[in-house]
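Here is how the chains run, residue by residue.
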Amino acid sequence: MDLSPRSLKFGIAQAVPRTEDPRLLRGGGRYTDDVTVPGALHAVFVRSAVAHGILRKVDVAAAARMPGVRMVMTGSDLAAAGLGTLPCAVTLTNRDGTPMVVPPFPPLALERVRWAGQPVAMVVAETLNEAKDAAEQVVLDIEPLPAVVELEAAIRPNAPQLFAELPNNRAFEWCWGPLDEVARAIASAHHVTRLRVHNNRVVVAPLEPRGAIASFEDGRYVLRTGCQGVMGLRNQLATVLKCRPEEIRVLAGDVGGSFGMKASTFPEHAPLLFAAKILGRPVKWINDRTESFLSDYHGRSSILEGELALDRDGRFLALRVRGLGELGAFVTAYGPAIPTLVLQKNLCSLYRIPLLALEITGVVTNTTPLTAYRGAGRPEAVYLTERLIEQAARELGRDAVELRRRNLVPKTALPYRAASGLTYDSGDFEAVLDAALAQADWAGFEARRAESEARGRLRGRGLCAYLEVTAPPGKEHGGIRFTEDGRVLLLSGTLDYGQGHRTAFAQVLHEKLGVPFERIELIQGDSDQLLWGGGTGGSRSLMVASKATLAAADQVIAKGRALAAELMEAAEADVIFEAGSFHIAGTDRTIELLTLARMARERGQPLDTDLVSEDPPSAFPNGCHVAEVEIDPETGVVELVRYTAVDDFGTIVNPLLVEGQVHGGIAQGVGQALFERVVHDSSGQLLTASFMDYALPRAADLPPFTLAFHSVPATTNPLGVKGCGEAGITAAPAAVVNAVLDALSPLGVASLEMPLTPERVWRAIAAAKGKGRGDAVGGER
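Residues numbered from 1 in each chain as written. Predicted model: local features only at pLDDT ≥ 70, side-chain atom pairs only at ≥ 80, totals over all residues. Heavy atoms only, no water.

Colleague: Sorry, what's going on with the packing of aromatic side chains here?
Modeller: A complete count under the given rule lists 16 aromatic pairs for this structure. Aromatic side chains Tyr-416 and Tyr-424 sit 6.1 Å apart centroid to centroid with 45 degrees between the ring planes, which places their arrangement in the tilted category. Accessibility assignment for this pair places Tyr-416 and Tyr-424 in one class, buried. Seen in terms of ring centroids, Phe-649 and Phe-709 are 5.9 Å apart; in terms of plane orientation they differ by 50 degrees. Their pairing is tilted. Here Phe-649 is found in the loop between strand 27 (638-648) and helix 18 (655-674), whereas its partner Phe-709 is found in strand 28 (residues 705-709), with 60 residues between them in sequence. Among the aromatic residues, ring-to-ring pairing joins Phe-105, Trp-115, Phe-163 and Phe-330 into one connected group. The cationic tip of Arg-210 hangs over the ring face of Phe-266; the distance from NZ or CZ to the ring centre is 3.8 Å. Taking NZ or CZ as reference, Arg-461 lies 3.9 Å from the ring centre of Trp-442, over its face. (Phe/Tyr/Trp six-rings, centres within 6.5 Å; stacked < 30°, edge-to-face > 60°. Buried < 20%, exposed > 50% of the residue type's maximum accessible area, 1.4 Å probe, protein only. Helix = DSSP H or I, 4+ residues; strand = E, 2+ residues; numbered from the N terminus. Lys NZ or Arg CZ within 6 Å of the ring centre and 35° of its normal.)

Colleague: In this structure, what is going on with the pairing of strand 12 (residues 283-286)? I would like to understand it.
Modeller: Walk down a regular strand and you will see the side chains alternate between the two sheet faces. Relative to strand 12, strand 1 (residues 41-47) is paired through two bridges, and the arrangement is parallel. From the neighbouring strand, His-42 faces strand 12, where its bridge partner is Lys-284. (Pairing = 2+ DSSP bridges.)

Colleague: Please clarify how the pairing of strand 21 (residues 520-523) should be interpreted in this entry.
Modeller: In strand 21, alternate side chains face the same way, and those of Ile-520 and Leu-522 are buried while those of Glu-521 and Ile-523 on the opposite face are not. Examined bridge by bridge, strand 20 (residues 488-492) and strand 21 share four bridges and lie parallel to one another. Bridge assignment links Leu-489 to a residue of strand 21, and that residue is Glu-521. Note that the unit made of strand 20, helix 15 (residues 501-513) and strand 21 has a crossover that is right-handed. (Right-handed = clockwise from strand over helix to strand, strands pointing away.)

Colleague: What is the right way to read the side chain of Asn-169 from this model?
Modeller: Of note, Asn-169 is situated in the loop between helix 5 (151-154) and strand 7 (170-176). We classify Asn-169 as buried; its relative accessible area is 0%. For Asn-169, the side chain forms a polar contact with the main-chain oxygen of Ala-154, separated by 2.8 Å. A polar side-chain atom of Asn-169 sits 3.0 Å from the main-chain amide nitrogen of Leu-162. Apart from residues no more than four positions distant in its own chain, Asn-169 is found in contact with Val-148, Ala-154, Ala-159, Pro-160, Gln-161, Leu-162, Gly-362, Val-363 and Val-364. (Polar contact = N/O pair within 3.5 Å; in protein donor to acceptor, adjacent residues only side chain to side chain. Contact = heavy atoms within 4.5 Å.)

Colleague: Even after reading the chapter, I still don't get the sheet that holds strand 23 (residues 581-584), so can you show me in this structure?
Modeller: Sheet strands line up and pair through hydrogen bonds in the backbone, either parallel or antiparallel. The strand order across the open sheet built from three strands is 22-23-24, with neighbouring strands paired in antiparallel fashion. Both edges of this open sheet fall to strand 22 (575-578) and strand 24 (590-592), since each of them pairs with a single strand only. Strand-to-strand twist across the sheet, computed as the mean angle between neighbouring axes with direction ignored, equals 20 degrees. Across four bridges, strand 22 lies against strand 23 in antiparallel orientation. (Axes fitted to C-alpha atoms, helices over the stretch in contact; angles between N-to-C directions.)

Colleague: Is there a simple way to explain unusual backbone geometry in this structure?
Modeller: Among all residues save glycine, negative phi is the norm, and among peptide bonds the norm is trans. Residue Leu-414 is joined to Pro-415 through a cis peptide bond whose omega torsion reads -5 degrees. Tracing the backbone through its elements, the reader meets Pro-415 in the loop between helix 12 (400-407) and strand 16 (416-417). In this structure, Pro-755 follows Met-754 across a cis peptide bond, with omega equal to -5 degrees. Structurally, Pro-755 is set in the loop between helix 19 (727-744) and helix 20 (758-768). Positive phi values are uncommon outside glycine, yet Asn-169 reaches one of about 60 degrees.

Colleague: So what exactly am I meant to see when it comes to helix 20 here?
Modeller: Residue pairs three or four apart in sequence face the same way in an α-helix, which turns once every 3.6 residues. Every buried residue of helix 20 is accounted for by Arg-760, Val-761, Arg-763, Ala-764, Ile-765 and Ala-766. Check the buried side of helix 20 and you find it contacts strand 18 (458-467), strand 26 (622-631), strand 27 and helix 19. Backbone geometry just downstream of helix 20 places Gly-770 in the positive-phi region, at approximately 80 degrees.

Colleague: Even after reading the chapter, I still don't get the pattern of salt bridges, so can you show me in this structure?
Modeller: Applying the stated rule across the entire model yields 57 salt bridges. Here Asp-526 and Arg-249 are joined by a salt bridge, their closest N and O atoms 2.6 Å apart. You can see Asp-526 sitting in the loop between strand 21 and helix 16 (541-567) and its partner Arg-249 sitting in strand 11 (residues 248-251), a full 277 residues away along the chain. Under the relative-accessibility criterion, Asp-526 is labelled buried at 9%. Asp-485 serves as the salt-bridge partner of Arg-487, at 3.0 Å between the closest nitrogen and oxygen. The exposure class of Asp-485 is exposed, given its relative accessible area of 52%. (Salt bridge = Lys/Arg side-chain N within 4 Å of Asp/Glu carboxyl O.)

Colleague: How should the packing of helix 16 against helix 17 (residues 593-602) be read in this particular structure?
Modeller: Contact geometry for helix 16 and helix 17: axes closest at 10 Å, N-to-C directions at 75 degrees. Classified by the angle their axes make, helix 16 and helix 17 are roughly perpendicular. Taking contact as the criterion, the partners of Val-556, Gly-560, Leu-563, Ala-564 and Leu-567 in helix 16 are, on helix 17, Leu-593, Leu-596, Met-599 and Ala-600. Among the residues making up the contact of helix 16 with helix 17, the classes are represented as eight nonpolar, one polar and no charged. (Parallel < 35°, antiparallel > 145°, perpendicular 65-115°, else oblique. Nonpolar A, V, L, I, M, F, W, Y, C, P; charged D, E, K, R; others polar.)

Colleague: It is not clear to me how the packing of helix 11 (residues 378-396) against helix 12 should be interpreted in this structure. Could you clarify?
Modeller: Working note: a packed helix pair is described by the angle between its axes plus the distance between those axes. Where helix 11 contacts helix 12, the axes come no closer than 9 Å and their chain directions differ by 120 degrees. Between helix 11 and helix 12 lies a crossing of right-handed hand. In this structure, helix 11 uses Glu-386, Ile-389, Glu-390, Ala-392 and Ala-393 to contact helix 12, whose residues at the interface are Ala-400, Leu-403 and Arg-404. Its residues assigned to classes, the contact of helix 11 with helix 12 comprises five nonpolar, no polar and three charged. (Left-handed = near helix turned anticlockwise from the far one by under 90°.)

Colleague: Would you take a moment to explain the environment of Leu-350 for this structure?
Modeller: Looking at the element boundaries, Leu-350 is found in the loop between helix 10 (338-346) and strand 15 (355-364). Classification of Leu-350 as buried rests on a relative accessible area of 2%. Taking the C-alpha atoms as reference points, Leu-350 and Phe-429, separated by 79 residues in sequence, lie 7.1 Å from one another. Excluding residues that lie within four positions of it along the chain, Leu-350 makes contacts with Asn-407, Leu-408, Val-409, Phe-429, Ala-465, Tyr-466, Leu-467, Asn-622 and Gly-623.

Colleague: Help me understand the nonpolar core, please; the structure alone is not making it clear to me.
Modeller: Grouped burial of nonpolar side chains is what soluble globular proteins tend to show. Leu-347, Leu-463, Ile-631, Tyr-643 and Leu-744 are the most contacted members of the largest nonpolar core, which totals 131 residues. Broken down by element, this core gets its largest block of residues, 13 residues, from helix 19. Apart from residues no more than four positions distant in its own chain, Ile-631 is found in contact with Arg-457, Leu-458, Gly-636, Val-637, Val-638, Val-740, Ala-743, Leu-744, Val-761 and Ile-765. In terms of nonpolar packing, the next biggest core, distinct from the first, is built from 44 residues, Val-16, Phe-517, Phe-582 and Leu-596 among them. (Core = buried A, V, L, I, M, F, W, Y, C linked by side-chain atoms within 4.5 Å.)

Colleague: What is the right way to read the sheet that holds strand 8 (residues 191-199) from this model?
Modeller: On the basis of which strands lie adjacent, the open sheet formed by five strands has the order 7-15-14-13-8 and mixed pairing. Among the strands making up the open sheet, the edge pair consists of strand 7 and strand 8. In this sheet, adjacent strand axes meet at a mean angle of 10 degrees when their direction is disregarded. Strand direction decides the pairing type here: strand 7 and strand 15, joined by six bridges, are antiparallel. When the sheet's bridge partners are listed, Cys-175 is paired in strand 15 with Glu-359. Contacting strand 8, strand 13 (302-310) and strand 14 (316-328), helix 11 runs over the sheet at an angle of about 140 degrees to strand 8.

Colleague: Looking at this structure, how should I read a nonpolar patch on the surface?
Modeller: Residues Leu-531, Trp-532 and Val-612 make up a contiguous nonpolar surface patch of roughly 270 Å² in combined accessible area. Mapped onto the elements, Trp-532 comes out in the loop between strand 21 and helix 16. A relative accessible area of 38% means that Trp-532 is categorised as partly exposed. (Patch = residues over 30% accessible without salt bridge, like charges linked within 9 Å, V, L, I, M, F, W, Y side chains within 5 Å. Areas by Shrake-Rupley, 256 points an atom, 1.4 Å probe, with all protein chains shown as cover.)

This is how it looks when you write it as structure tokens:
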């Protein structure tokens, strides 16, 4: 394809508004709770109020007698019916060669409860209020046990044990890389910078709470729910329901956000489906917001200790990372991958780091389980590396920008095999760095600092240069179908839950086939219509869907060329396809694709095509973000006053959508850096269980963003795209925290842990000035 700048109004590189927005803005969205299935019953889950305890008895007798109740289900019922436990999709090997042990994760608690919010029973009734009333009559006899909620406390010898099969609450002891060689490099290095960072646990908080409608139709389970991919969810559910994947149909309508969390099957899914089968009626369940705080899988939560070795010239020699990754009460489908495999791939970022080694322990605690949250290991890796570089620069008396520049992978070295084992195919990292410095007016900062100081404020600037790795390759469905009324249906196994796939994918197909943009419709969210589906996650969608779509389009063109040659009585080699039409070379004889598609269907030779394409290799989005903050030293309040981002996303199909993705990612990264933190008390009770106690960033907390792109197309997929969905959240925490530490550095404050709340910042300032009391710097207050 010719990817030069377009004149096509709806082609590649055009800022086409999302086609679904008018419908959504008029209230025409169809989310899970908007779906009404005739005869549906309503479900309410009874959850443990105890974070750790022995489940002596679940007394459902009174609840079963309540008006309208049709079923009360417990974990014993599911076990007696032979249902399985929730799967883990990740296999890790411990450093001693033994496989990681995954304890059973039952849909409804059996014998023991392990977090406050774990589902123990399900009540199904004719109305929601009847189900709620009956749920209050379920009596849980739980013998409380000591709980452990902190990472480091969980691995102490005397800590409460969650599982007999996980001594000291250690789910795995994983290592990667040449440990001995890295140890020698660190021991002999001119300088070693050491830093410990804590990635705070966060609530995902999508706009739409989780929910589902389960039914049993024509001998098959049917689940209507918001998710990130219907095929992946179908396959996970099959392991729990002990059936073939083909016996399950998953349907997803509009999805109000997910950010990784809804990619997994959850405990509620199997009881809902099993109840629908037994009762012969659909069963509907919608989480309320407090339940979401308790039961939606959380994100982040790790403690990492990094050691960066440098030579006399400031060149990086080795990076060693040791740490703890929290899993929560159970091992979820993707939880183990985040602090291990994903972290390993992203730590080197865009720097020449010859040696890399990791030693990571996975830890279970009496808290809500953890899973992927936007970035899923990428922000954690980049945050540690960028904080290490900033600290190394301070310790060595070097300029932090120039230290980065000295260690960037040069353009001339590409393709470059990093110590992570990955090969970077494209990029111009120094040019991106220089562009960000120029866009942010780096040189003019001192004047802005002076102006802030004149108003009694502390001002700081922070930089984050990053490279991240998109999701690993797999397979994806590409399908194109032509309807009788002239529409072109594009099928994809990805799933749009806010990204704008309907628009971007249509732009790709419009440019390839020349069919009118407004006639292209995206078909997704129905496992029965797909041959395969990798879902959406890891910034993979446009890479894999465009490759599959272009491959399907090539088959359409090949079928069309053969038929056009037959109809126009010409040699197939003389038929040329361009601008949406087939024509005979050297003549004015032509036929439009949509006309040919109609004729092909009438002849019983449809041009429709379905195929499964092998995904392209991972791509490497990269960029440089610069943040500036002002701090009120009297209150500790941090204000983000400037934010600049220059990113390389390869070919940009739709700049408008890309900017939106970057905006959202930055906002979430700022949230983790300044506001968000899940807090439990010592007994495991969630103290931040509502938006009254859990702070999300608001519009007023964010300045206008200055965005620019320095695109170097990837060489590993047909469009040259790299993925953009997680860049903002990958870079923002490091940029913001580095800015705050820069503002506080004249006071001698060298380190703070996220979130940098006013109290934490104020205590750090007070301690640095010799005021205040106690553990001011970074205290968990």
